[in-house]
Amino acid sequence: MTVALRVLIRVDASPAIGLGHAMRCLALIEALRAAGHVAHVSTAALPERLADAICATGATISYIAAHPGDDADAIATAALATSGECDWVVADGYRFGVEWQARVRASGARLAMLDDEARATRWDADLLLNQNLGVPATAYDATAPKVRLLRGSRYVLLRTAFQAWRGFTRAVPTQARHLLLTVGGADPDNLTARLIPGLADCNALHVRVLVGAANPHRAAIDAAVAATAVAATAVAAAAVAATAVTAGSGGVTFTVLEHVDDMAEQMAWADLAITAGGSTLWELAFMQVPSLVLVLAENQRG
């Protein structure tokens, strides 16, 4: 009989931080719950929609009044681990330094750190997970010689909804007709609205624009879609006049979708995606979607 583990997951999400850390932790929570384990989340910030998704798994959430990675954060996280008699603490974020790690481990729980960059010079953890491609086998040798390392795409955290698509084989058309525009759950720089006008002169293209749970720019996106649709109509009309084509020359059409819960189905629909180099890229790769990838932060470049 498997003994149920009690796991505390420390993660944040917001327009400034993005949703990527929390979304992959959601995948971990789904797997833990499916295996009969207990999951609890400790957070300083979490959009309501994402909190609802976490609670829907049967996990619980505690909100802490602290800046990520500071002493108050470490004290609060350690206290939650102690009071919950946790076997493991899992931390996903760039601010949980070695002092934070040491204080949390002093609670008696084992500590797993999710990392992307392999830049820290010291670690005080039991396990390190870096799911990215191109991480050298020696990347952590000097910094964490006694830590168990899980490295590479074998350990990518994918949500349960994608498991149903194992074995899926995509048919790639000669010309893309369905475009998915998704640049993250937050998009603090409003890149979505800035990209939309560039699609005005596309021919016979249906664009689904995904607006994430922490995106504050819905009004600007709607305005960009409306303006671009008008421009696309004008372009199509000019093309018809120039070539005397009377059918099959329609321009670009848009559908804006907010708080999408069926991401796998959206990706199955798409012939092509425009996306950012964050955690969504793993999902697109799994669903075999040809993608134009934008680097929005330097740590996405690799």
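Residues numbered from 1 in each chain as written. Predicted model: local features only at pLDDT ≥ 70, side-chain atom pairs only at ≥ 80, totals over all residues. Heavy atoms only, no water.

Chemist: So what exactly am I meant to see when it comes to the overall build of the chain here?
Modeler: Helix and strand counts for the chain stand at eight helices and twelve strands. Projected onto its principal axes, the C-alpha positions of the chain cover 75 × 40 × 35 Å. In the form shown here, the chain has an accessible surface area of approximately 14800 Å², with 56% of it arising from carbon and sulfur atoms. Between the averaged position of the 23 positive side-chain charges in the chain and that of its 28 negative side-chain charges there is a distance of 5 Å. (Helix = DSSP H or I, 4+ residues; strand = E, 2+ residues; numbered from the N terminus. Areas by Shrake-Rupley, 256 points an atom, 1.4 Å probe, with all protein chains shown as cover. Lys, Arg positive; Asp, Glu negative; His and termini not counted. Charge placed at Lys NZ, Arg CZ, Asp CG, Glu CD.)

Chemist: Is there a simple way to explain the sheet that holds strand E10 (residues 252–258) in this structure?
Modeler: Strands in a sheet are paired, the pairing made by backbone hydrogen bonds, and the direction either parallel or antiparallel. The five strands lie next to each other as E10-E9-E8-E11-E12, forming an open sheet whose pairing is parallel. The open sheet terminates on both sides in strands that have one partner only, identified here as E10 and strand E12 (291–294). Ignoring which end each strand starts from, the neighbouring axes of this sheet average 15° apart. (Pairing = 2+ DSSP bridges. Axes fitted to C-alpha atoms, helices over the stretch in contact; angles between N-to-C directions.)

Chemist: Looking at this model, I keep getting lost on the sheet that holds strand E7 (residues 148–151). Mind explaining?
Modeler: Reading across from one edge, E3-E2-E1-E4-E5-E6-E7 is the order of the seven strands in this open sheet, with parallel pairing throughout. In the strand order of this sheet, the two ends are held by strand E3 (60–63) and E7, each with one partner. Averaged over neighbouring strand pairs, the angle between their axes works out to 20° when direction is ignored. Sheet topology note: the strand E5 (residues 110–114)/strand E6 (residues 127–130) ladder contains three bridges and is parallel.

Chemist: Any chance you could explain the state of the cysteines here in plain terms?
Modeler: Following the criterion strictly, the structure yields zero disulfides and no others. Cysteine 25 provides the cysteine sulfur closest to cysteine 86, a residue in no disulfide bond, and the two sulfurs are 14 Å apart. Judged by relative accessible area, which is 14%, cysteine 86 ranks as buried. (Disulfide = S-S within 2.5 Å. Buried < 20%, exposed > 50% of the residue type's maximum accessible area, 1.4 Å probe, protein only.)

Chemist: Just checking my understanding: could you explain the pattern of salt bridges for this structure?
Modeler: Note on pairing: side chains with opposite charge can pair once their charged atoms come close. All told, the structure shown has twelve salt bridges when counted by the stated rule. One salt bridge connects aspartate 92 with arginine 24, and the closest N-O pair in it is separated by 2.6 Å. Residue aspartate 92 is found in strand E4 (residues 88–92), and its partner arginine 24 is found in helix H1 (residues 20–34); the two are separated by 68 residues along the sequence. Neither residue differs from the other here; aspartate 92 and arginine 24 are each classed as buried. A salt bridge links aspartate 261 to arginine 49; its shortest N-O distance comes to 3.0 Å. With a gap of 212 residues between them, aspartate 261 in the loop between E10 and helix H7 (263–269) and arginine 49 in helix H2 (residues 48–56) connect regions that are remote in the sequence. (Salt bridge = Lys/Arg side-chain N within 4 Å of Asp/Glu carboxyl O.)

Chemist: Could you clarify how one ought to interpret the pairing of E5 in this entry?
Modeler: Residues in a regular strand point their side chains to alternate faces of the sheet. Within E5, four of the five residues are buried, leaving the element largely enclosed by the surrounding structure. In terms of strand pairing, E4 meets E5 through five bridges, oriented parallel. Paired with valine 90 across the bridge in E5 is alanine 112. After leaving E4, the chain enters helix H4 (residues 98–105) and then returns to the sheet as E5, a path that is right-handed. (Right-handed = clockwise from strand over helix to strand, strands pointing away.)

Chemist: Would you explain the confidence of the model for the chain in this entry?
Modeler: For residues with low pLDDT, the predicted coordinates do not support detailed interpretation. Residues with a pLDDT of 70 or more make up 92% of the chain, whose mean pLDDT is 89. In this model, residues 235–249 is a region of pLDDT below 50 whose contacts with residues beyond four sequence positions or in other chains number eight contacts. (pLDDT = per-residue confidence, 0-100. Contact = heavy atoms within 4.5 Å.)

Chemist: Quick question: what am I supposed to make of the packing of helix H3 (residues 71–83) against H4 here?
Modeler: Packed helices, taken two at a time, are described by the angle between their axes plus the distance between the axes. Relative to each other, H3 and H4 sit at 25°, their axes nearing to 8 Å. Taken as axis vectors, H3 and H4 run roughly parallel relative to one another. The chirality of how H3 crosses H4 is right-handed. The segment H3 lies against H4, with Asp71, Asp73, Ala74, Ile75, Thr77 and Ala78 engaging Trp100, Arg103 and Val104. (Parallel < 35°, antiparallel > 145°, perpendicular 65-115°, else oblique. Left-handed = near helix turned anticlockwise from the far one by under 90°.)

Chemist: It is not clear to me how unusual backbone geometry should be interpreted in this structure. Could you clarify?
Modeler: Most peptide bonds are trans, and most residues other than glycine sit at a negative phi. Backbone geometry at alanine 204 places phi at a positive 55°, although glycine is not the residue there. By the secondary structure assignment, alanine 204 is in the loop between helix H5 (191–195) and strand E9 (205–211). Phi is positive for histidine 259, which is not a glycine, with a value near 55°. Note that histidine 259 resides in the loop between E10 and H7. Assessed through its relative accessible area of 28%, histidine 259 is described here as partly exposed.

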